[in-house]
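Architecture at a glance
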Amino acid sequence: MRLDKFICKSTELTRTEAKKMLKSGEVRVNGEVAKNAAMQVHENNSITIDGQELTARGSRYYILHKVVDSICSNVDEVYPSVLNFIEVDKAFDLHIAGRLDADTTGLVLITDDGRWSHNVISPKKQCQKTYRVWLRSEIDDDKLADLITRFEKGLQLQGEDSLTRPAILARVAQENLVDETSYRSEVLLTITEGKYHQVKRMFAAVGNRVVGLHREQIGDIRLGDLAPGEWRELTEDEIAQFS
Ligand code: URA
């Protein structure tokens, strides 16, 4: 890890403050003054500031129930970043492991461990993500059987070189649909990749339209009863799945 990053991780200092410390010669690596912010260091090095030994803080892992009109980005844009919800020191040093659209709600994983988030996101790892999907058009039993097969085989999405990976489609709660609702069917979809707007594009490819989207589960990590806008630290077991 870069020396300036190590300093930020193990102190309250910002990257700019860490660089100033380095310039002023207050930082030593294994007893030698170190001024190069990009110098590579690891936990076995003795790193001191003003004689005080630094100990690397462990990585951080959180789950958030994302609300609509928030974005999975490290900067605020038209909508605020989801990182504003995580009330911890240096929240904007964290990153999001698997983005959701601004109008999608549900489970978001947040960390500062790049290797861990790679294991969540990489299509090669085939981690399952389950979405509750509300659709504009009705899906009768025959149509559902057809879609289950098509989603299992893979769909050709516009602009993509390969078919979508096998996905699992299941119906839920058809009896709740009354005339006033904006949707005519509610399904659960489990996918193992995260192409751009994947769920919306998959249903568009079969002639339907997503009117509501909510992520419920990633791997074995479930949103459970976490209220909208709430967050918590992940448990050791939850972290271990992607370590
Ligand atoms: N697929 C989408 O279309 N949108 C999301 O936010 C997540 C998956």
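Cut-offs used in this document
Residues numbered from 1 in each chain as written. Predicted model: local features only at pLDDT ≥ 70, side-chain atom pairs only at ≥ 80, totals over all residues. Heavy atoms only, no water. Helix = DSSP H or I, 4+ residues; strand = E, 2+ residues; numbered from the N terminus. Buried < 20%, exposed > 50% of the residue type's maximum accessible area, 1.4 Å probe, protein only. Contact = heavy atoms within 4.5 Å. Near = heavy atom within 4 Å. Polar contact = N/O pair within 3.5 Å; in protein donor to acceptor, adjacent residues only side chain to side chain. Areas by Shrake-Rupley, 256 points an atom, 1.4 Å probe, with all protein chains shown as cover. Domains from an automatic or database assignment. Pairing = 2+ DSSP bridges. Buried area = accessible area lost by both parts, 1.4 Å probe. Salt bridge = Lys/Arg side-chain N within 4 Å of Asp/Glu carboxyl O. Nonpolar A, V, L, I, M, F, W, Y, C, P; charged D, E, K, R; others polar. Core = buried A, V, L, I, M, F, W, Y, C linked by side-chain atoms within 4.5 Å. Axes fitted to C-alpha atoms, helices over the stretch in contact; angles between N-to-C directions. Parallel < 35°, antiparallel > 145°, perpendicular 65-115°, else oblique. Left-handed = near helix turned anticlockwise from the far one by under 90°. Arc of directions from axis to C-beta.

Tracing the backbone through its elements, the reader meets Val41 in the loop between strand S2 (32-33) and strand S3 (47-49). Residue Val41 is classed as buried on the basis of its relative accessible area, which comes to 4%. Each C-alpha atom, one on Val41 and one on Asp4, is 9.6 Å from the other, the two residues being 37 residues apart in sequence. What Val41 contacts, discounting residues up to four positions off in sequence, is Met1, Arg2, Leu3, Phe6, Val29 and Ile47.

This part is about the site of the ligand. Close contacts around the ligand come from Leu100, Asp101, Thr104, Tyr131, His197, Gln198, Val199, Lys200 and Leu213, and that covers them all. Between an oxygen atom of the ligand and a main-chain N or O atom of His197, the distance comes to 3.2 Å. Within the backbone of Lys200, an N or O atom sits 3.1 Å from an oxygen atom of the ligand. If the ligand stood free it would expose 240 Å²; the protein chains cover 95% of that surface. At three residues, helix H5 (residues 198-205) tops the list of elements feeding residues into the shell around the ligand. Composition of the shell around the ligand by domain shows at least three residues from each of domain 2 (61-123 + 222-240) and domain 3 (128-218).

The subject of this paragraph is the sheet that holds strand S4 (residues 52-53). Taken together, four strands build an open sheet; the order of strands is S2-S1-S3-S4 and the sheet is antiparallel. This sheet does not close on itself; its edge strands, each paired only once, are S2 and S4. In this sheet, S4 lies alongside S3 in antiparallel orientation, the contact comprising two bridges. Counted as the bridge partner of Thr48 is Glu53 from S4.

Right, let's get into the domain arrangement of the protein chain. Here the protein chain is partitioned into domain 1 (3-53), domain 2 (61-123 + 222-240) and domain 3 (128-218). Relative to domain 3, the C-alpha centre of domain 2 lies at a distance of 23 Å. Across the contact, 17 residues belong to domain 2 and 13 residues belong to domain 3. Taken together, the two surfaces of domain 2 and domain 3 that pack against each other cover about 1,200 Å², and 43% of this comes from carbon and sulfur. Its largest share of buried area at the contact with domain 3, domain 2 owes to Asp101, Leu107 and Pro123, together 35% of the area lost on that side. As a salt-bridge pair, Asp101 and Lys200 come within 2.8 Å of each other at their nearest N and O atoms. When residues in the side of domain 2 that touches domain 3 are grouped by element, the largest group, five residues, is from strand S7 (residues 105-111). When its residues are assigned to classes, the side of domain 2 that touches domain 3 shows eight nonpolar, five polar and four charged.

A few words on the nonpolar core. Nonpolar side chains tend toward joint burial in soluble globular proteins. Grouped together as the largest cluster of nonpolar side chains are 32 residues, with contacts concentrated most on Ile110, Val133, Phe151, Leu189 and Phe203. Counting residues per element, the ones that place at least two in this core are strand S5 (61-66), S7, strand S8 (129-135), helix H4 (141-153), strand S10 (185-191), H5 and strand S11 (210-218). Taken domain by domain, the makeup of this core includes at least three residues from each of domain 2 (61-123 + 222-240) and domain 3 (128-218). Once residues within four sequence positions are removed from consideration, Phe151 is found in contact with Arg165, Pro166, Ala167, Leu169, Leu189, Met202, Phe203 and Val206.

A separate point is the environment of Glu26. Within the element layout of this structure, Glu26 appears in the loop between helix H2 (15-23) and strand S1 (27-29). Separated by 22 residues in sequence, Glu26 and Thr48 place their C-alpha atoms 8.1 Å apart. Other than its neighbours up to four places away in sequence, Glu26 contacts Met21, Thr48, Ile49 and Asp50.

Turning our attention to the packing of helix H1 (residues 3-10) against H2. As a packed pair, H1 and H2 sit with axes 9 Å apart at the nearest point and diverge in direction by 120 degrees. With respect to H2, the element H1 is oriented oblique. Classified by chirality, the crossing of H2 by H1 is right-handed. Of the residues in H2, those in contact with Leu3, Asp4, Lys5, Ile7 and Cys8 of H1 are Arg15, Ala18, Lys19 and Leu22. Grouping the constituent residues of the contact of H1 with H2 by class yields five nonpolar, no polar and four charged.

The next subject is helix H3 (residues 114-121). All buried positions along H3 are accounted for by Trp116, Ser117, Asn119 and Val120. Each buried residue of H3 sits inside an arc of 155 degrees when the element is viewed along its axis, so together they form one side. Next to the buried residues of H3 lie S5, strand S6 (95-96), S7, S8, S11 and helix H6 (236-240). The backbone nitrogen of Arg115 lies 3.2 Å from a side-chain oxygen of the residue at the head of H3, namely Asp113.

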